[in-house]
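Observations on the three-dimensional arrangement
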Amino acid sequence: MNKLLCNSESKLRPYLGIGNSVVSDNLLAVLKSTCDNYHSSVKKFIELLKYIQNNNIHTTSFNELVALHELVAPHDCTVVSMLSIHFNLAIGTIANLGARTPYVEDLYQKLCSGRAIGVYLATELAHGNDLVAIETQANYLPEKGVFILNSPGPNAYKFMPNTTPCELPKVAVILAQLNASGKRYGIFPFILPLSVNGKLTPGVKITPLGDKPGFYLDNAITSFDNVEIPFEGLLAGNMITLTSDGKISLHTKELRERFSLITNRIHSGKLCMAMISVTGAKSALHITSTYGNKRQTFGYSGTMPIINYSHFKEGIAWDTLNTITHALYLRELTRKVSIILSESVKNFKFSDELLIEIITTKSLCTWRTQEILINCRERCGAQGLFTLNKIPNYLISNFGAITSEGDNLVLSLKAGGMITLNKMKEINKTSFQHNLFSILYDYMNFLHKKLNELIVSNKKKINLDILNKHSRDFLELSQTYAVLSVVTTTIDTYHNDDDFYMIIEGYLLDWIHRTMSNLLRCEVISLQESLKIDERRIEYIRKHADRINDYIASFGVDKAGIETPISSNDYISWYANNHHQLKNN
């Protein structure tokens, strides 16, 4: 473990580049165009769809789709959101659950060819994370052979999908309660064009919500008043059989099972959000590191770059180390999910074990990236506040990632409960013989035992009282499980690279440092042990900070076409050369 390779020999570098592919000049021209309202963002997204279609970019592979998210994310947080909604949520749900009838196939091909924009209508004014309780109703009328879609009141207004009309038609996947023959069957997705020949479908009402600062997505409130959806518009996969006279045979009888099948692309979207987040961290670290090496200040040894200060250099190193580890882990987890999705295109649902891993991954990566982006903003001083230098955009994008496809806090509490109920993968302690790993492993087991004893005494159920009293423990269990999943997965994947062990040691040191007060409170370690670990952490970063920061070049931010004034060759010259243009603007 002490054997070290120089960075140039590390096998990790090829796995760290943004998108891991060469970006063409034509694509860069699309990505670099600026947007200042949702109209320009939609036009940019349409140009991206044209590029994808004209260059035969494969989006059916989840691995390739996530790589596309990586390429777009550092340029435009709004467009990458549209990308995720269109390909992952809308097209992904139709591919998984849609019968290839002429009606579905026509709309599906329009989406795949970029002749329509896919939107996903799930959340409502009164229902966010509690999708199972949404109030939009789809009543089947056998005499007409159609579903009648209704918003029974303001609670059921769809809030806040990007449904505002534009130059392309929008095709919606809409979650609604299915009612047939006087019975309710829970939520199902339905496919419906929101407009036909430039006019809204009768009964559809859309009210734009306006811009969010720096995030120009065409969000809107959408409601339905006796909107007709053809018989073929129900996306039910193999879960049910509906006859034309309204008789339903349930093949997937459990409501929970049906809900899992219906929402599976929301879960794969969590991985997309995590990748968007970590890509933003890569770009921000590149910008901040470049600025730190070029920005001169008068210090104790005279004029010098500000990165000479250890608090600057070492702070970037800790953030870079986390970003490297999360990037490597996401690469492997995405590959695993992509294989599973390709093997089960139809009627796919995630196992509880994999779902826990995806949920905890999203929370871990997006929360840690939020810290990284705030750190980068502050390290760049006042220049870090300007939109031109991108870091504020990454912060706003990451706010969205923390909330999108499920709020992190809600998801983490859910995952903590699932882990407590033993619906988790077995983390093999012996797979990594490291005393630091053992500390976190023992802490996870302490939390699991404590919470499991509580629910055993409550007939293996988690009630509101238990959740409220022990929410911190559920959250800690969720996050510790995520950290250990990161470590074990990356070691299994990258163990043949000696440089990796230096990185993973630092990653464990950092997370133990973050958890130290809880480790002491729970008596997992003693005060003397904590002091030794703290000394070890200080020695580690002093020794390896430069080496870790060298990895920022492997992110390939320049190759991805990310340009900012403070990451240019000479930011003072950049401002001077653009002074006249900036003044006129």
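Residues numbered from 1 in each chain as written. Predicted model: local features only at pLDDT ≥ 70, side-chain atom pairs only at ≥ 80, totals over all residues. Heavy atoms only, no water.

A look at the overall build of the chain
Filter applied, for reference: Strands here mean DSSP runs of E at least two residues long; helices mean DSSP runs of H or I at least four residues long; both are numbered from the N terminus. A radius of gyration in this sense is built from C-alpha atoms; the matching globule rule multiplies 2.2 Å by the number of residues raised to 0.38. With a 1.4 Å probe rolled over the protein chains alone, any residue whose accessible area is under 20% of its type maximum counts as buried; one over 50% counts as exposed, and the rest are partly exposed. Any two residues having at least one pair of non-hydrogen atoms within 4.5 Å are treated as being in contact. Note on areas: these come from Shrake-Rupley sampling with a 1.4 Å probe, and a residue is covered only by the protein chains present in the view. Residues scored as charged are limited to Lys and Arg (positive) and Asp and Glu (negative), so that His and the chain ends carry no count. By convention, the charge on Lys lies at NZ, on Arg at CZ, on Asp at CG and on Glu at CD.
Along the chain, the regular secondary structure elements total 18 helices and 15 strands. The C-alpha radius of gyration computed for the chain amounts to 25 Å, which stays within 12% of the reference 25 Å derived for 585 residues, consistent with globular compactness. Among the 585 residues that make up the chain, the fraction classed as buried is 57%. Counting only contacts in the chain whose residues sit at least 6 apart along the sequence, the fraction spanning at least 24 positions is 75%. Surface exposure of the chain reaches about 24900 Å², of which carbon and sulfur atoms provide 52%. Put simply, the chain has 59 plus and 55 minus side-chain charges, and the middle of one group is 2 Å from the middle of the other.

Here's the deal with the layout of surface pockets
Stated precisely, the cut-off is as follows: Within this scheme a cavity is a closed region of a 1 Å grid, computed over the protein atoms alone, that accommodates a 1.4 Å probe without allowing it to escape, whereas a pocket is open but has protein on both sides within 12 Å along at least five of seven lines; lining residues each have an atom within 4 Å of a point. Grid points are joined across faces, edges and corners, and a volume is the space filled by probe spheres set on the points. For this scheme, ten residues count as nonpolar: Ala, Val, Leu, Ile, Met, Phe, Trp, Tyr, Cys and Pro. Four count as charged, namely Asp, Glu, Lys and Arg, and the remainder, Gly too, count as polar. For every domain, the bounds stem from an assignment made automatically or drawn from a database.
Put simply, the second largest pocket is a space of about 910 Å³. Lining the second largest pocket are 31 residues, with Lys32, Thr34, Thr387, Leu388 and Lys390 sitting closest to its centre. Each residue belonging to the lining of the second largest pocket can be placed in one class, and the counts come to 12 nonpolar, 13 polar and six charged. Mapped onto the domain boundaries, the lining of the second largest pocket takes at least three residues apiece from domain 1 (26–95) and domain 3 (261–560).

A word on the packing of aromatic side chains
Two aromatic rings are characterised by how far apart their centres lie and by the angle between their planes. Here is the rule we go by: Two rings from Phe, Tyr or Trp (for Trp, the six-membered ring) form a pair when their centres sit within 6.5 Å of each other. Planes less than 30 degrees apart are called stacked, planes more than 60 degrees apart edge-to-face, and all others tilted.
All chains considered together, the criterion is met by nine aromatic pairs. Taken together, a centroid distance of 5.1 Å and an interplanar angle of 70° make the contact between Phe147 and Phe190 edge-to-face. Highlighted residues: Phe147 in strand E3 (residues 146–150) and Phe190 in strand E6 (residues 183–193), separated in sequence by 43 residues. The pair Phe147 / Phe190 is uniform in exposure class, with both members buried.

Let's talk about the sheet that holds strand E9 (residues 204–208)
The following threshold applies: The criterion for strand pairing is that DSSP finds at least two bridges linking the strands in question.
Strand order in the open sheet formed by three strands is E4-E10-E9, with antiparallel pairing between adjacent strands. The open sheet terminates on both sides in strands that have one partner only, identified here as strand E4 (158–159) and E9.

Considering the domain arrangement of the chain
Where we set the bar: Two parts placed together each lose some accessible area under a 1.4 Å probe, and adding up what both lose gives the buried area. Throughout this description, a polar contact denotes any pair of N or O atoms lying within 3.5 Å of each other; where both atoms belong to protein, one of them has to be capable of donating a hydrogen while the other can accept it, and for residues adjacent in sequence the pair is counted only when both atoms sit in side chains.
Each assigned domain of the chain is listed here: domain 1 (26–95), domain 2 (118–253) and domain 3 (261–560). With centres defined by C-alpha atoms, the gap from domain 1 to domain 3 works out at 26 Å. Carbon and sulfur atoms make up 61% of the area that domain 1 and domain 3 hide from each other, which totals about 1900 Å². Considering only the surface of domain 1 that becomes buried against domain 3, Phe62, Glu70 and Pro74 emerge as the three largest contributors, covering 32% of it. In this structure, the connection of domain 1 to domain 3 is made through six residue pairs in polar contact (both at pLDDT 80 or more).

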